[in-house]
Amino acid sequence: MTTPDLTPAPHRYTSALAGEIEQRWQDRWAADGTFEAPNPVGDLAGDVAGDKYFIMDMFPYPSGAGLHVGHPLGYIATDVVGRYRRMRGDNVLHALGYDAFGLPAEIHAVQTGEHPRTNTESNIANMRRQLRRLGLAHDPRRSFATIDPDFMRWTQWIFVQIFESWYDEEQGRARPISELRAEYESGARTAPDGTAWGDLTPIERSVLIDSVRLAYVDESPVNWCPGLGTVLANEEVTAEGRSERGNFPVFTRNLRQWKMRITAYSDRLIDDLDRMDWPESVKNMQRNWIGRSHGARISFPVDGLATPIDVFTTRPDTIFGATYMVLAPEHDLVDQLTAEAWPDDTPRPWTNSAETPTEAVAAYRAMAAAKTDLERQENKEKTGVFTGAYAVNPVNGAEIPVFIADYVLTGYGTGAIMAVPGGDERDHEFAETYGLPIIHTVQAPEGFDGGAWTGQGKVINSANDELSLDGMEIDEAKAAVISWLQLHGAGEGTTTYRLRDWLFSRQRYWGEPFPIVYDEADQPIALPDSMLPVELPEVPDYSPKTYEPEDAGSNPEPPLARVPEWVNVELDLGDGPKMYRRETNTMPNWAGSSWYELRYTDPHNPDRITDPENERYWLGPREAGDTGGVDLYVGGVEHAVLHLLYARFWHKVLFDLGHVSSEEPFRKLFNQGYIQAYAYTDDRGSYVPADQVEEKLDDAGHPTYWFNGAQVNREYGKMGKSLKNVVTPDEMYDAYGADTFRVYEMSMGPLDVSRPWETRAVVGAQRFLQRVWRLLVDEETGELLADNSELDAATLHVLNVTIDGVRGDMHDMRFNTAVAKLIELTNHLTKAGVRSRAAVEPLVLMLAPLAPHLGEELWSRLGHAESLTHEPFPVADPAHLTSASVTCVVQVLGKVRGKIEVSPDISDEELTALALAEPNVVRSIDGREIRKVIVRAPKLVSIVV
RNA sequence: GCCGGGUUGGCGGAAUGGUAGACGCGACGGUCUCAAAAACCGUUGUCCGCAAGGGCGUGCGGGUUCGAGUCCCGCACCCGGCACCA
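Below or above, wherever it landed, is the structure these notes cover.

On to the overall build of chain A. Each helix and strand in chain A was counted, giving 27 helices and 31 strands. The dimensions of chain A, computed from C-alpha atoms along their principal axes, are 100 × 90 × 65 Å. When each of the 945 residues of chain A is scored for burial, the buried share is 54%. Long-range contacts, defined as pairs at least 24 residues apart, comprise 71% of the intrachain contacts of chain A with a sequence gap of at least 6.

The following block contains the structure:
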């Protein structure tokens, strides 16, 4: 990879010289604290003049494999933005921390016996070294890792805040539990069943309180992954029912686990998306994930049953077409309503050939329970069985049969539906299978061939004595039927969500311990601030108990439970020293990243997560209605619903509790694309080293690929060790220098688009920087070549057009076109032999955000003692944006037939005359009658004949 | 199936409705050199033509317009997300 620089000119900008320049400037920046950003108050307080700009990268997990050239793409981009902003006069906060809890370090620990902290810290050190060599303008004082005890302390502190809060639906915000307790004690509030606080036992009181906490322990169906030995959040399970990490099967098990009540924030999490500058795709993914749907809850009474069946539907307007009902097999009411015997005339297929409904239901339930989620998904054929019971349709008194079927899911809505085969494809399919009546309640367009009509139309077949929906549009009918149902106590308008509460405990070692202990009554108690952080104990074995991936019946067993001397602890929590039992689960590795944006703003504050003044300065709303948050957050799209949803949730809780002034953590989000790579396999399917593959053209001119004389197959995808196609930044530093590497990555294409890495193309960026260097420095003597000559008109024009364009490109993060414009300017200066300071100084300043070391070096050789970090970015002179002459295109019938050089302020008449006189235009018109002439002086004349 | 995004030379890509292919890689030719590399200069969408010039060309089919890669309608394919969510 290393290109030997064989005796070039002694002062040529080679990789060796670039490396020397780069490391020298990196040392100087570090020594001078060039990129330290002052805070309004606290230990980092300083002069905060000018506007502020807070930039963040999605912080990295420090992998043992080190970086490949794809990783720094986003970091370079944010660095360019930050450097540009500094030159615009902003106080720029840009730092990088490390998301250091996580599975790989734990797996490494299990394999080697080395403590995960040791391994993680050496990985961080290696990554810091690789990134320092890139020349990133970070404030090093603000870096941290989530495993630092000081950081962990605040992660645990936030957990306690959430644990000590509840969601007040009336006020639409989280409030401290202490306020709820006060309302109970004062009698302002009674338990949901009406019991007064004074009549409850202490245990009943804490159960009541615990039931509304935003962080709570709950026994409910969770995703149990025996292969990983831990439970997982819904967001960590793929659509195929496997773990996102490791791709192990996931089973639904009823287990006692910690959860976070993120569902309380469903509406705000959806609604506030509209106020943020995020890619529409990510907003949509979050909307999708939360899955809000408006509809109605409707009660269908059942003969001889006190409790009606409640259903959720988004189409209450179709209720007159409800011809049967379906409950999920797991629904609570199934046992109660299943009849003793089949009613007379029960069609044979409804019974599944069972003697009694009880038997049929039991058999069906057993079969449904044996299916995994995946099997349920794969087989979409509608099956079900009749319960023997009938319910009454509240709008028309019709008796309709009640089935159980696994196409109705227990976890969504009420776990029961009214089935409308005329208006729902799934219901229609089921109705066809079981011979159920089909009533259409919306007029389908002519030519509709039956089946379920789900589109728009006028309502039909929908009337009772008091209510007629017939002739209404769907929306109108929905409103009408909801108010009728409400009047008759049979239902109400309501909203349901797909989002489930966030499963927050993991059975792993390498995560934050919970700041929770249990008392003798097994009630969870939050530890006081003074006892934070709770640090991880040393353990004999880091691994959780893992199982055969398919062992669905296994049970989670966290590693911390194996340290009884840590688990059982004597503490004084206010009523004297007592024995307590520690929570042995750990937090998921999303915990630290759910709030880290706050810590950058005040990284060493010993008393608070961040001082309110620092938070308000860096994150606060800029104007009324603004959510506040980080000014620019750059990262991959893979965190669209995981990290980005969790972080928004925590931020909103902290906002509600008054700890922050911003409503959202990230005001503007930008998803960078990925750098992909080619990989090559031989005829046995093994990967061969990509950097030794040769490209040859075959007879047809198509490229073919060869390794060791044998043809190999090319595939396109990720960069990875096992694919033998990794290219590291270190290799690029050695071969070209960091600036060349930076310029190449920024010039490859738009930042949000993925693109293939091509090592051989990097040289283009180096040639460009060498041309800039050669413009200013004599390659033989090292002498400065810049002079003080006046600029000619053409150069003035090119220079100002470039300045104008580059400014716009920088602002919009179009670095690829910014680089192209700088190359054009450089090529112009080279060709014209212009070395005037009036041209090269702006060029150096504009290049500096992209190639900062070269920029500083040239700036200093130009005689400036200070770093150019805060030097104003060049501003175009409008007087020179127009040139002395422009090329006017003459079109005949829309085709370009001639070009004429004209003055930019030529009149329409004059231009038309010149255009009509152009010889080739005359020939094209060929004597035909001119019907119309469109003139857009000075650039275009279009002639219609 | 639903929701997003995309499709431009050999390759990465550029183009406020107004010269399609900026800039870069590669390829080809040249300068320098004993030679090679590096560097520098030039050519490079495609077809016809000695040239002047002309035909064709931004996934496909229509439309709007003096003029469409760009706007509208329909379709194909690719990528990402969701999916028996009532």
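That was the structure; now back to the text.
Across soluble globular proteins, you tend to see nonpolar side chains buried next to one another. Counting residues in each nonpolar core, the largest one holds 178 residues, and the members touching the most others are Phe 159, Trp 502, Phe 504, Trp 650, Trp 757 and Phe 815. When residues of this core are assigned to their parent elements, the largest contribution, 9 residues, is made by helix H5 (residues 149-163). Excluding anything up to four places from it in sequence, Trp 650 contacts Thr 155, Ile 158, Ile 162, Met 260, Trp 502, Phe 504, Ala 591, Ser 594 and Trp 595. In terms of nonpolar packing, the next biggest core, distinct from the first, is built from 56 residues, Ala 296, Phe 403, Leu 467 and Met 472 among them.

Near RNA strand B you find 58 residues, and of these Thr 314, Lys 382, Tyr 412, Arg 426 and Arg 498 are the closest. Within 4 Å of the protein, the atoms of RNA strand B are drawn from sugar and phosphate moieties in a proportion of 65%. One of the side-chain N or O atoms of Arg 498 is found 2.5 Å from a phosphate oxygen in RNA strand B. Arg 774 places a side-chain nitrogen or oxygen 3.0 Å from a phosphate oxygen of RNA strand B.

To continue, consider helix H6 (residues 177-186). When we look at burial in H6, the residues that qualify are Ile 177, Leu 180, Glu 183 and Tyr 184. Projected down its long axis, H6 carries its buried residues within an arc of 120°, all on one side. Across from the buried face of H6, at angles greater than 90 degrees, the exposed residues are Glu 185 and Ser 186. Gly 187, located one to two residues past H6, shows a positive phi value of around 85°.

Another point: the packing of aromatic side chains. Taken as a whole, this structure holds 50 aromatic pairs when the rule is applied. Note on Phe 59 and Tyr 596: the rings are 3.7 Å apart at their centroids and 20° apart in plane angle, and the pair reads as stacked. With Phe 59 in the loop between strand E1 (52-57) and helix H2 (73-87) and Tyr 596 in helix H16 (residues 596-600), this pair connects stretches of sequence that are 537 residues apart. For the pair formed by Phe 59 and Tyr 596, the shared burial category is buried. Judged by centre distance (4.9 Å) and plane angle (35°), the rings of Phe 144 and Tyr 600 are tilted.

Before going further, it helps to spend a moment on the sheet that holds strand E18 (residues 568-572). Here we have 4 strands laid out as an open sheet, ordered E17-E16-E19-E18, and antiparallel in their pairing. In this open sheet, the two edge strands, each paired with only one partner strand, are strand E17 (524-526) and E18. Averaged over neighbouring strand pairs, the angle between their axes works out to 50° when direction is ignored.

Packing of H5 against helix H18 (residues 643-656) brings their axes to within 11 Å, and their N-to-C directions diverge by 65°. Here H18 runs roughly perpendicular to H5, going by the angle between their axes. Viewed along their axes, H5 and H18 form a crossing whose handedness is left-handed. Across from Thr 155, Trp 157, Ile 158 and Ile 162 in H5, the residues of H18 making contact are Trp 650, Val 653 and Leu 654. A class-by-class count of the residues in the contact of H5 with H18 yields 6 nonpolar, 1 polar and no charged.

Right, let's get into the pairing of strand E13 (residues 416-419). Of the two faces of E13, both are covered, the one formed by Ala 416 and Met 418 as well as the one formed by Ile 417 and Ala 419. Of the pairings in the sheet, the one linking strand E10 (residues 324-327) to E13 comprises 4 bridges and is antiparallel in character. What sits directly across from Leu 327, in E13, is Ala 416.

Mapped onto the secondary structure, Glu 106 falls in helix H3 (residues 103-112). Given a relative accessible area of 1%, Glu 106 falls into the buried group. A polar contact is formed between the side chain of Glu 106 and the side chain of Arg 508, at a distance of 2.7 Å. A distance of 3.0 Å separates a polar side-chain atom of Glu 106 from the backbone nitrogen of Tyr 509.

It is worth spelling out the side chain of Asp 631 at this point. With respect to the secondary-structure elements, Asp 631 resides in the loop between helix H17 (612-619) and strand E20 (632-635). A polar contact is formed between the side chain of Asp 631 and the side chain of Arg 667, at a distance of 2.8 Å. Among residues more than four places away in sequence, those in contact with Asp 631 are Lys 52, Tyr 53, Phe 54, Trp 618, Arg 622, Arg 667 and Lys 668.

Before going further, it helps to examine helix H26 (residues 908-917). Within an α-helix, residues lying three or four positions from one another point in the same direction, as the helix has 3.6 residues per turn. Within H26, the full set of buried residues consists of Leu 911, Thr 912 and Ala 915. With its buried residues spanning 100° around the axis, H26 presents them on a single face. In H26, those exposed residues whose orientation departs by more than 90 degrees from the buried face are Glu 909 and Ala 917.

Turning next to the pattern of salt bridges. Across all of its chains, the model carries 60 salt bridges by this definition. In this structure, the salt-bridge partner of Asp 656 is Arg 268, at a minimum N-O distance of 2.8 Å. On the criterion of sequence distance, the pair formed by Asp 656 in helix H18 and Arg 268 in helix H8 (residues 266-271) is long-range, its members being 388 residues apart. The class of Asp 656 is buried, set by a relative accessible area of 10%. The network of salt bridges with common partners includes Asp 51, Lys 52, Arg 622, Asp 626, Asp 631 and Arg 667.

In this structure, Pro 533 follows Leu 532 across a cis peptide bond, with omega equal to 0°. Along the polypeptide, Pro 533 turns up in the loop between E17 and helix H15 (564-567). With an omega of 0°, the peptide bond running from Ala 937 to Pro 938 counts as cis. Its location among the elements puts Pro 938 in the loop between strand E30 (932-936) and strand E31 (940-944). A positive phi angle, near 70°, is found at Asp 522, a position not held by glycine. With respect to the helices, strands and loops of the structure, Asp 522 is situated in the loop between strand E16 (516-518) and E17. Residue class for Asp 522 comes out partly exposed when judged on its relative accessible area of 37%. Of note in this structure, Lys 724 is not a glycine but carries a positive phi near 55°. Its location among the elements puts Lys 724 in the loop between strand E26 (710-717) and helix H19 (729-735).

The antiparallel open sheet is built from 3 strands, whose spatial order is E9-E8-E14. Two strands bound the open sheet, and with one partner strand each, they are strand E9 (309-313) and strand E14 (491-496). Each adjacent strand pair in this sheet contributes to an overall mean axis angle of 30°, direction not counted. Direction of pairing for strand E8 (residues 293-300) relative to E14: antiparallel, over a ladder of 6 bridges. Paired with Arg 297 across the two strands is Glu 492, which belongs to E14.

This part covers a nonpolar patch on the surface. On the surface, Met 285, Val 637 and Tyr 674 cluster together to form a nonpolar patch covering roughly 220 Å² of accessible area. Relative to the helices and strands, Val 637 is located in the loop between E20 and H18. Of the residues examined, Val 637 reaches a relative accessible area of 32% and is grouped as partly exposed.

For the rest of this paragraph, the subject is the environment of Gly 927. Residue placement: Gly 927 occurs in the loop between helix H27 (919-925) and E30. For Gly 927, a relative accessible area of 77% gives the class exposed. Separated by 18 residues in the primary sequence, Gly 927 and Val 945 have C-alpha atoms spaced 9.3 Å apart.

Conventions and cut-offs
- Residues numbered from 1 in each chain as written.
- Chains lettered and ligands numbered in written order.
- Predicted model: local features only at pLDDT ≥ 70, side-chain atom pairs only at ≥ 80, totals over all residues.
- Heavy atoms only, no water.
- Helix = DSSP H or I, 4+ residues; strand = E, 2+ residues; numbered from the N terminus.
- Buried < 20%, exposed > 50% of the residue type's maximum accessible area, 1.4 Å probe, protein only.
- Contact = heavy atoms within 4.5 Å.
- Core = buried A, V, L, I, M, F, W, Y, C linked by side-chain atoms within 4.5 Å.
- Near = heavy atom within 4 Å.
- Polar contact = N/O pair within 3.5 Å; in protein donor to acceptor, adjacent residues only side chain to side chain.
- Arc of directions from axis to C-beta.
- Phe/Tyr/Trp six-rings, centres within 6.5 Å; stacked < 30°, edge-to-face > 60°.
- Pairing = 2+ DSSP bridges.
- Axes fitted to C-alpha atoms, helices over the stretch in contact; angles between N-to-C directions.
- Parallel < 35°, antiparallel > 145°, perpendicular 65-115°, else oblique.
- Left-handed = near helix turned anticlockwise from the far one by under 90°.
- Nonpolar A, V, L, I, M, F, W, Y, C, P; charged D, E, K, R; others polar.
- Salt bridge = Lys/Arg side-chain N within 4 Å of Asp/Glu carboxyl O.
- Patch = residues over 30% accessible without salt bridge, like charges linked within 9 Å, V, L, I, M, F, W, Y side chains within 5 Å.
- Areas by Shrake-Rupley, 256 points an atom, 1.4 Å probe, with all protein chains shown as cover.

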